[in-house]
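Chain by chain, the residues run as shown.
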Amino acid sequence: MVSEGGMVEPIEAAAEKGETKPRHMLERKWTFWFDNQSKPKQGAAWGTSLRKLYTFDTVEEFWCLYDQIFRPSKLPANADFHLFKAGIEPKWEDPECANGGKWTVISSRKANLDAMWLETLMALIGEQFEENDEICGVVASVRQRQDKLALWTKTASNEAAQMGIGRKWKEIIDVTDKIPYSFHDDSRSQKSSRGRYNV
Ligand code: MGP
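Here's a quick rundown of the structure. (Residues numbered from 1 in each chain as written. Predicted model: local features only at pLDDT ≥ 70, side-chain atom pairs only at ≥ 80, totals over all residues. Heavy atoms only, no water.)

Our next topic: the site of the ligand. Surrounding the ligand, one finds Trp46, Lys91, Trp92, Glu93, Lys102, Arg143, Arg145, Lys148 and Trp152. Backbone polar atom of Trp92 to an oxygen atom of the ligand: 2.8 Å apart, as the coordinates give it. Take Glu93: an N or O atom from its side chain is 2.6 Å from a nitrogen atom of the ligand. Here the ligand, which alone exposes 620 Å², has 63% of that area covered by the protein. (Near = heavy atom within 4 Å. Polar contact = N/O pair within 3.5 Å; in protein donor to acceptor, adjacent residues only side chain to side chain. Areas by Shrake-Rupley, 256 points an atom, 1.4 Å probe, with all protein chains shown as cover.)

Dropping the structure here:
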């Protein structure tokens, strides 16, 4: 969960910046996003209500943001939270996502969604997936029918990488039921929302 080499930024360096506490640096920067589609403007295109909220790169900032704001059980219906690598937008249109897809897990209980979301966030910022470069981010969606989590990845056609990520994710969130992987290309062309892979 901390940067290679220096586990903690030296206290002297932090002190020079006027800080007294050491900071635990993450491997990379991450961004929290929020989309509230609960009151959509008539005729507004998808994405109009999507907002980039915070970018962070320390463990301390992560816990502060998570505790204060980013619990899915606080979301109204039809709203989403996203945690994506900094620089990647949570859209099919983003170049890093354009050829990608997502693993999806349905959650029947709010408490369950919060727990799976937190486990996933910790695994992402802690770089727990072997295929780290393939990960784009994760989305928590609160919907009337059922809540869900989706783990977005980069190269949908790389079945081996996606299967590795799917298996690992199930372990992390403690899910035993089969989960589907769908290609953004299929969602975009509204061909079929059915999974291309299952694990
Ligand atoms: P959704 O929010 O991923 O699923 O996409 P939801 O709301 O759970 O509904 P369901 O269709 O899975 O039952 C809902 C719709 O929003 C899509 O069908 C698209 O029309 C639009 N949409 C979603 N995403 C993630 C994108 C995107 O990245 N780009 C664009 N242009 N439209 C999107």
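Resuming the write-up.
Bringing the side chain of Thr120 into the picture now. Mapped onto the elements, Thr120 comes out in helix α3 (residues 110–125). Within the structure, the side chain of Thr120 is placed 2.7 Å from the backbone oxygen of Met116, a separation counted as a polar contact. Apart from the residues lying within four places of it in its own chain, the contact partners of Thr120 are Val138, Leu149, Leu151, Trp169, Ile172 and Ile173. (Helix = DSSP H or I, 4+ residues; strand = E, 2+ residues; numbered from the N terminus. Contact = heavy atoms within 4.5 Å.)

Moving on to helix α2 (residues 59–68). Within the sequence span of α2, burial applies to Val59, Phe62, Leu65 and Tyr66. The buried residues of α2 all sit within an arc of 130° when viewed along its axis, so they share a single face. The secondary structure elements touched by the buried residues of α2 are β1 (25–36), β2 (50–58) and α3. (Buried < 20%, exposed > 50% of the residue type's maximum accessible area, 1.4 Å probe, protein only. Arc of directions from axis to C-beta.)

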